[in-house]
Amino acid sequence: MDEDCHHTDMCESVLDQAIAWAVALDAADADDMTRGAFEQWLQGDPLNRIAWCRLQMVEDEFARARQCRAGCRAASRRSLR
Amino acid sequence: MLSAAEPTLERIYTNHSPWLRSVVRRRVGCAEVAADVVHDVFMRLLGKASVPVMEEPRAYLARIAHGLMIDHRRRQVLERAWLESLAKLPEDEMPSPEEHLQMVEALARIDALLDGLKPRVRRVFLLSRLEGKSYPLIARELDVSLSSVEKDMAQALRHCYLVLMG
């Protein structure tokens, strides 16, 4: 899977679908039905999984920054105890 | 046991940091910035598992410093934005200098990813992914429609994806 994530060619429409799912799952009302439909899409085609996996690399960049910031706050609170 | 010729970081620092500082200072025109850049060069070396073998220590150090100077201008802008956001935090949540540095570095990576996006799209994406705000909250905060937040998010994700994957 990891290797798949690095394939260079990604069909535009699959990428668009992955992005649309990312946005749909973000929406405040992402319910079980949406999640179910997403799972179906994800399992429906290996290309979908590759697109999703690669999109998560973008998310990872931001997750790192978020953690870093959370760490900043937690550490400074600890140091003041 | 280290032999006398073993290039410890301490020895490299003693032998070359004054030289590096003066070189960088000539380039950036500010002693304080030069000291920061030199500090960052050695922080970077400290971060490595072992002291790298340097055939030409000065060329090696100058190369790292050069990259850091290019980043410097960009970081100044980011740092200012970061400091402005810190100013809104209660005092007991202020990060330490090391954490501050880590954060600025993480922000620099993000900045490179978002480079080229329209300011509003950027803002929407940062509010979502960095601040963890929900779409409805972002829509309210920026006084835009929910569907425009969704469009901006899709655009930003696509942009970052293409930058990251090339």
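Residues numbered from 1 in each chain as written. Chains lettered and ligands numbered in written order. Predicted model: local features only at pLDDT ≥ 70, side-chain atom pairs only at ≥ 80, totals over all residues. Heavy atoms only, no water.

**Brief notes about the overall build of chain A**
On a plain count of helices and strands, chain A comes out with three helices and zero strands. Secondary structure elements in chain A, listed N-terminal to C-terminal, are α-α-α. In chain A, of all internal contacts separated by at least 6 residues, the share reaching a separation of at least 24 is 64%. Total accessible area on chain A is roughly 4800 Å²; 51% of this is exposed by carbon and sulfur atoms. (Helix = DSSP H or I, 4+ residues; strand = E, 2+ residues; numbered from the N terminus. Contact = heavy atoms within 4.5 Å. Areas by Shrake-Rupley, 256 points an atom, 1.4 Å probe, with all protein chains shown as cover.)

**Structural notes on the nonpolar core**
One finds A:W52, A:L55, A:F62, B:F125 and B:L157 to be the most contacted residues of the largest nonpolar core, which totals 41 residues. Of all the secondary structure elements, the ones that give two or more residues to this core are α1 (12–26), α2 (32–44) and α3 (46–79) of chain A together with α4 (97–114), α5 (119–129), α6 (135–142) and α7 (146–165) of chain B. Apart from the residues lying within four places of it in its own chain, the contact partners of B:F125 are A:F62, B:L114, B:L130, B:M153, B:A156, B:L157 and B:C160. Within the second largest apolar cluster, 18 residues are counted, among which are B:L9, B:L20, B:V33 and B:A65. (Core = buried A, V, L, I, M, F, W, Y, C linked by side-chain atoms within 4.5 Å. Buried < 20%, exposed > 50% of the residue type's maximum accessible area, 1.4 Å probe, protein only.)

**Let's talk about α2(A)**
All names here are of chain A. Taking 1.5 Å per residue, 13 residues should reach 18 Å; α2 reaches 18 Å between its end C-alpha atoms and fits that length. Three or more residues of α2 are buried, namely F38, W41 and L42. Projected down its long axis, α2 shows its buried positions confined to an angular sector of 100 degrees, all on one face. More than 90 degrees from the buried face of α2, the exposed residues found are D32, M33, Q40, Q43 and G44. (Expected span 1.5 Å × (residues − 1). Arc of directions from axis to C-beta.)

**Quick notes on the packing of α4(B) against α7(B)**
Residues and elements named next belong to chain B. Running from amino to carboxyl end, α4 crosses α7 at an angle of 105 degrees, the nearest separation of the two axes being 8 Å. Viewed along their axes, α4 and α7 adopt a mutual orientation that is roughly perpendicular. Every residue of α7 that contacts α4 at A112, L113 and L114 is listed here: H159, C160, V163 and L164. Taken together, the residues that form the contact of α4 with α7 break down as six nonpolar, one polar and no charged. (Axes fitted to C-alpha atoms, helices over the stretch in contact; angles between N-to-C directions. Parallel < 35°, antiparallel > 145°, perpendicular 65-115°, else oblique. Nonpolar A, V, L, I, M, F, W, Y, C, P; charged D, E, K, R; others polar.)

**A short note on the pattern of salt bridges**
Enumeration according to the criterion identifies nine salt bridges over all chains in this entry. Among the salt bridges present, the one from B:R158 reaches A:D16, with a minimum N-O distance of 2.3 Å. Of this pair, B:R158 sits in helix α7 while A:D16 sits in helix α1, each in a different chain. Overall, the relative accessible area of 37% leaves A:D16 in the partly exposed class. The partner of B:E141 in a salt bridge is B:K133, with the nearest N and O atoms 2.9 Å apart. A relative accessible area of 39% means that B:E141 is categorised as partly exposed. Each of the salt bridges in this network shares a partner with another, and the network as a whole consists of A:D26, A:E59 and B:R129. (Salt bridge = Lys/Arg side-chain N within 4 Å of Asp/Glu carboxyl O.)

**Structural notes on the packing of aromatic side chains**
Tallied over the entire structure, the rule returns seven aromatic pairs over all chains. An aromatic cluster of at least three residues, connected via ring pairs, comprises A:W21, A:F38, A:W41 and A:W52. (Phe/Tyr/Trp six-rings, centres within 6.5 Å; stacked < 30°, edge-to-face > 60°.)

**Considering the confidence of the model for chain B**
Confidence in the prediction of chain B, expressed as mean pLDDT, is 82, and 82% of residues score 70 or more. For this predicted complex, the interface score ipTM comes out at 0.80, while the overall pTM is 0.59. (pLDDT = per-residue confidence, 0-100.)

**Description of the packing of α1(A) against α7(B)**
Packing of α1(A) against α7(B) leaves a shortest axis separation of 10 Å and a crossing angle of 130 degrees. Considering the angle they form, α1(A) stands oblique to α7(B). Remark: the crossing between α1(A) and α7(B) carries right-handed chirality. Residues A:E12, A:L15, A:D16, A:I19, A:A22, A:V23 and A:D26 of α1(A) pack against B:E150, B:M153, B:A154, B:L157, B:R158 and B:Y161 of α7(B). Tallied by class, residues from the contact of α1(A) with α7(B) come to eight nonpolar, no polar and five charged. (Left-handed = near helix turned anticlockwise from the far one by under 90°.)

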